[in-house]
Amino acid sequence: MASDVPSLPPPKNTFTIKIGLIGDAQVGKTSLMVKYVENVFDEEYTQTLGVNCLSKKITLGSADILFYIMDLGGQREFINMLPLASEGAKAIVFLFDLTRPETLKSIQEWHRQATGFNERAVPLLVGTKYDLFVNLDPDLQAQISKQSMRYAQAMDAPLIFCSTSHSINVQKIFKIIIAKLYNLTMRASEIKQIGDPLLIYKHLGGTRRSASASSSSPPGTST
Amino acid sequence: MLPSDTSLKGSFKRSREISDSNWTCKPPSKKSSSVTTAYTADSHSAPKYKSGCDSPITSLKNLTPLATPTKNSPSFEDKDNFGRYQSSSNLETHFSDLKLCIPNKSHQAIFKDTKIGYREFTANTSHPIFRTAEIVDKILRFVDSEATIPREKTRHRRKPQAFSHALLLCDGDEARAKKMWNECNRSSAEPAVSNSPRLHSCIQVNKMWHRIALSIITENLYFTDSKKIRKLAGNVSKLRNRLSKPSAFVLHKLSKLEQTELNAFIPIVSSERLKWLEFYICPKIIPPIPLFYRSQNLEKLVLPGNQFLDDKFLMTIAPYLTKLKILDLRACDKISDCGVLSIAANCPNLKICNLGRHRNGKAITSVSMVALARNTKVDTVGVAGCHITDAGVWELALHLGPRIRRLSLNNCQLLTDNSVPTLLALGYFPQLSVLEIRNLDRLTNVLPIVNFVRSKRSQGIPLLVEGGERIDSMMIEAEHRLDQQESAHILAAFTDWVNEDDML
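Residues numbered from 1 in each chain as written. Chains lettered and ligands numbered in written order. Predicted model: local features only at pLDDT ≥ 70, side-chain atom pairs only at ≥ 80, totals over all residues.

### A look at the overall build of chain A
Right, so step 1: From N to C terminus, chain A includes six helices and seven strands.
Right, so step 2: A total of 223 residues make up chain A; the buried ones form 42% of that total.
Right, so step 3: For chain A, the proportion of contacts with a sequence separation of at least 24, taken over those separated by at least 6, is 74%. (Helix = DSSP H or I, 4+ residues; strand = E, 2+ residues; numbered from the N terminus. Buried ≥ 20, exposed ≤ 12 C-beta atoms within 10 Å, placed from the backbone. Contact = placed C-beta atoms within 7 Å.)

See below:
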């Protein structure tokens, strides 16, 4: 996958927003990025070696938003590249696979590590592969949903369930980032019903973290 | 470049003719293997000069307020390739095996009385390159390339008018503002003289060196001390044939020099080579008029703070100044529109013209402005404290607007919102990089100026606006308002986007 470095320097009134995508291997970080930037979904798995990045420009009337998305390979060996994805990022999106509860548990460690490099970034908790999740046993769905809500609460991070292949809540992730960064009023209604693609953001991640604020770790409960 | 005079090679003779003049120097006392360090051993506060070249205004660092037009020195024809090398250590490494035999103290004692002994000494031990006139000329030019003509100290900004103004300029950073305010309260009487290496000790080496060094030194005549110029004045007739025709003649703050003493220099100074004539705050003297008859290539005439210069003088010399590019007549209170008119009529190539003053501002009116606008190609105009009206500035904008780079209109009390703000709003000064508008009490509409600053800034082009406390604070306030408006617009656009229907 070709990495696309945005042209320098950005022109006038362009707000460059760096976003780090972090999470276990095969949760769909690269897929989400490619889907958002190029609106393409590829079933085939390609392992990310190190870091991928893509940028997407949103042209608005009086300013441009340039999303500069960095996607860190999920394998443990790439952990030393974590600063690349997290330092200077305005938002860090923690992704887990809704069909593999262990990937949610890993978020604990990812969150701890990433906030070590960047305490001020807005965190988001994103569950991927919602289209596969809906096929799971309803009890398991409920369990995972509740667990992820607890994590989101602990991280003070908006929670979004998305499906890259079925285009569910993909754009919402980036709109929530902008809304949280600039304290904007977002009117999209929250989705809190277990089994639906959860979208909980209004009371989470609203306060910009100060450098001194210690980040709370998610509770260490197991599924 | 120099006739090689073999009869002089290797001989040594103390040059008594000038040894009593200002160029009396001890021979360097340190034994050194490097030419350069040997010369720096004897620092001398006599003329300094520079074979520099113009640097175009490209960054804010190079921009200086209008009051310092000496920033752009003319480039001299005798620029030498050697001068391009910056560090003297270069020379040291390349020529480290070459021994220039300069007598140290013990040698001096031995050879003081025995001329022959000394000659043998030099002949036997010095490298042949130090006996070849052309090479010595190159070497000495290299050494001299570090010397500069002291100039008025350039400032990046004008001093703040009060502590509150300093605070304003420093964005409310109190520590920085305090430092700034204290600095400008300290007496700014820093000497313009720098301690760069001079060739005066080279005069003493031998006849050939004496001839070469003297000719290089006198290519740019510069004096900060009236005693020294007096001494030289006494020897002018004797030395005349051995001095170069200078391309620069600069007198710096010689308040005691008398006109009669200066007149002795006419035969030395006046020539077609003279490009730069500067009498910086020399109140008792004016350039002798006959000087201009033969110096018709003059490009830079700098005579600030002269109380004797009058319109008649300017009218007399103007016909000889057809190549003039820089004219600095700051604080020459007797000059009026009449003199400026004759300059404008005769100097089509004029680029920089500064007539700023604190007294007798009524003598310079829009008439001068119109004359300059219609007849010259000025890009830098200084009329601080003059009775310029909006019409004069408009005339300048209409004729030369696209060229204008620096504009000093401080204390021009007749100016209103109808000139600078309006003209900037209409895009008449696209290249403006320094705008001085201090103490313009009738200027109230700063919004066009702020917009101009912002558009320049967004293009990455530096622009300095000196508004003084009142206008600066108005500009900061206007800018703040614009910022708020802009961010409100942007946030509204973001909110709209955030609430759009998703496609993914």
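### Section: the overall build of chain B
Right, so step 1: Looking only at helices and strands, chain B has 20 helices and 10 strands in total.
Right, so step 2: Split into buried and exposed, the 504 residues of chain B put 42% on the buried side.
Right, so step 3: For chain B, restricting intrachain contacts to residue pairs at least 6 apart in sequence, the fraction spanning at least 24 positions comes to 82%.

### Looking at the interface of chain B and chain A
Right, so step 1: With 13 residues of chain B at the contact, the number on the chain A side is 21 residues.
Right, so step 2: Of all the elements, helix H20 (residues 468-498) of chain B adds the most residues to the side of chain B that touches chain A, at eight residues.
Right, so step 3: Looking at the side of chain B that touches chain A, its residues break down into eight nonpolar, four polar and one charged. (Nonpolar A, V, L, I, M, F, W, Y, C, P; charged D, E, K, R; others polar.)

### Observations concerning the packing of helix H19 (residues 447-458) of chain B against H20 of chain B
Residues and elements named next belong to chain B.
Right, so step 1: Orientation of H19 relative to H20, taken along the N-to-C sense of each, is 65°, at an axis distance of 9 Å. Between H19 and H20, the angle is such that the two are roughly perpendicular. Here H19 runs over H20; the crossing is right-handed. Across from Leu447, Ile449 and Val450 in H19, the residues of H20 making contact are Met475, Ala478, Glu479 and Leu482.
Right, so step 2: Here the contact of H19 with H20 is composed, by residue class, of six nonpolar, no polar and one charged. (Axes fitted to C-alpha atoms, helices over the stretch in contact; angles between N-to-C directions. Parallel < 35°, antiparallel > 145°, perpendicular 65-115°, else oblique. Left-handed = near helix turned anticlockwise from the far one by under 90°.)

### Comments concerning the packing of helix H3 (residues 101-117) of chain A against helix H5 (residues 138-155) of chain A
All names here are of chain A.
Right, so step 1: Relative orientation of the contacting elements H3 and H5 amounts to 10°, with a least axis distance of 10 Å. Considering their axes alone, H3 and H5 lie roughly parallel with respect to each other. Contacts between H3 and H5 involve Pro101, Leu104, Ile107 and His111 from the former and Ile144, Gln147, Ser148, Tyr151 and Met155 from the latter.
Right, so step 2: Of the residues assigned to the contact of H3 with H5, the class counts are six nonpolar, three polar and no charged.

### Structural notes on the sheet that holds strand E3 (residues 276-280) of chain B
Residue and element names in this part refer to chain B.
Right, so step 1: Spatially, E1-E2-E3-E4-E5-E6-E7-E8-E9-E10 is the arrangement adopted by the 10 strands of the open sheet, whose pairing is parallel. Taken across any chain shown, the strands that pair with only one partner, and hence form the sheet edges, are strand E1 (220-223) and strand E10 (464-466). Within the sheet, the average angular offset between the axes of one strand and its neighbour, ignoring direction, is 5°.
Right, so step 2: Bridge count between strand E7 (residues 380-382) and strand E8 (residues 406-408): three bridges; the pairing is parallel. Counterpart to Gly382 in the pairing with E8 is Ser408. (Pairing = 2+ DSSP bridges.)

### Brief notes about the sheet that holds strand E5 (residues 122-128) of chain A
Residue and element names in this part refer to chain A.
Right, so step 1: Spatial ordering of the open sheet is given by E2-E3-E1-E4-E5-E6-E7, a layout of seven strands whose pairing is mixed. The open sheet has two edge strands, strand E2 (51-59) and strand E7 (199-200), and neither has a second partner.
Right, so step 2: The pairing of E2 with strand E3 (residues 64-72) spans nine bridges and is antiparallel. In the sheet register, Cys53 faces E3, and the bridge partner there is Met70.
Right, so step 3: Packing against the sheet, helix H1 (residues 29-38) makes contact with strand E1 (14-23), E2, E3, strand E4 (91-97) and E5, and its axis sits at approximately 25° to E2.
Right, so step 4: Here H5 sits on the sheet in contact with E5, strand E6 (159-161) and E7, set at roughly 170° to E5.

### Focus: unusual backbone geometry
Right, so step 1: Within the chain, Asn39 of chain A stands out as a residue other than glycine whose phi angle is a positive 55°.
Right, so step 2: Residue placement: Asn39 of chain A occurs in the loop between H1 and E2.
Right, so step 3: Accessibility expressed as a C-beta count within 10 Å gives 11 for Asn39 of chain A, which makes it exposed.
Right, so step 4: With phi around 50°, Ile281 of chain B is a residue other than glycine that occupies positive phi space.
Right, so step 5: Structurally, Ile281 of chain B is set in the loop between E3 and helix H13 (290-294).
Right, so step 6: Taking the C-beta count within 10 Å as the criterion, Ile281 of chain B has 16 such neighbours and is therefore assigned partly exposed.

### Structural notes on H3 of chain A
All names here are of chain A.
Right, so step 1: In this model, H3 (17 residues) spans 26 Å end to end at C-alpha, consistent with the 24 Å of a helix rising 1.5 Å per residue.
Right, so step 2: Helix geometry: H3 is bent most strongly at Glu109, by close to 25°.
Right, so step 3: Those residues of H3 that sit buried are Thr103, Leu104, Ser106, Ile107, Trp110, His111, Ala114 and Thr115.
Right, so step 4: For H3, the secondary structure elements touched by its buried residues are E1, helix H2 (82-86), E4, E5 and H5. (Expected span 1.5 Å × (residues − 1). Bend = angle between axes of the 7 residues up to and from the residue.)

### Observations concerning the pairing of E5 of chain A
Residue and element names in this part refer to chain A.
Right, so step 1: The buried count for E5 comes to seven of seven residues, which makes it a mostly enclosed element.
Right, so step 2: By the alternation rule, side chains of E5 split into Val122, Leu124, Val126 and Thr128 and Pro123, Leu125 and Gly127, which are all buried.
Right, so step 3: Pairing of E4 with E5, which is carried by seven bridges, proceeds in the parallel orientation. When the bridges of E5 are listed, Ile92 appears paired with Pro123.
Right, so step 4: One crossover worth recording links E4 to the parallel E5 by way of H3, and it is right-handed.
Right, so step 5: Across three bridges, E5 lies against E6 in parallel orientation. Of the residues in E6, the one forming a bridge with Leu125 is Leu159. (Right-handed = clockwise from strand over helix to strand, strands pointing away.)

### Observations regarding the nonpolar core
Right, so step 1: Leu301, Leu327, Val383, Val393 and Leu409 of chain B are the most contacted members of the largest nonpolar core, which totals 88 residues.
Right, so step 2: Non-local contacts of Val383 of chain B, meaning those with residues more than four positions away in its chain, are made with Leu355, Gly356, Ile364, Met369, Ile388, Ser408, Leu409 and Cys412 of chain B.
Right, so step 3: Grouped together as the second largest cluster of nonpolar side chains are 59 residues, Ile17, Ala114 and Tyr201 of chain A together with Phe494 of chain B included. (Core = buried A, V, L, I, M, F, W, Y, C linked by C-beta atoms within 7 Å.)

### So, the pairing of E3 of chain B
Residue and element names in this part refer to chain B.
Right, so step 1: Most of E3 is tucked away, with five of its five residues classed as buried.
Right, so step 2: The alternating pattern of E3 places Trp276, Glu278 and Tyr280 and Leu277 and Phe279 on opposite faces, both of which are buried.
Right, so step 3: Examined bridge by bridge, strand E2 (residues 248-252) and E3 share five bridges and lie parallel to one another. Note that in E3 the partner of Ala248 across the bridge is Trp276.
Right, so step 4: One ladder, built from three bridges, connects E3 with strand E4 (residues 300-302); its direction is parallel. Residue pairing for E4: Trp276 is matched across the bridge by Lys300.

### Here we look at the environment of Phe41 of chain A
All names here are of chain A.
Right, so step 1: With respect to the element layout, Phe41 can be found in the loop between H1 and E2.
Right, so step 2: By the C-beta count within 10 Å, which is 16 here, Phe41 ends up partly exposed.
Right, so step 3: Separated by 125 residues in the primary sequence, Phe41 and His166 place their C-alpha atoms 9.0 Å from one another.
Right, so step 4: Excluding its chain neighbours within four sequence positions, the residues that come into contact with Phe41 are Ser31, Lys35, Thr164 and Ser165.

### Considerations on the environment of Ala248 of chain B
Right, so step 1: As for its position among the elements, Ala248 of chain B is in strand E2.
Right, so step 2: For the pair Ala248 of chain B and Leu277 of chain B, spaced 29 residues apart in sequence, the C-alpha to C-alpha distance is 6.0 Å.

### A few points about the confidence of the model for chain A
Residues and elements named next belong to chain A.
Right, so step 1: The predicted model of chain A has a mean per-residue pLDDT of 84, with 87% of residues at 70 or higher.
Right, so step 2: This stretch, residues 1-11, has a pLDDT under 50; its non-local contacts, to residues over four places away or in other chains, come to 14 contacts.
Right, so step 3: Of the regions scoring below 50 in pLDDT, residues 209-223 engages in 22 contacts with residues more than four places distant in sequence or in other chains. (pLDDT = per-residue confidence, 0-100.)

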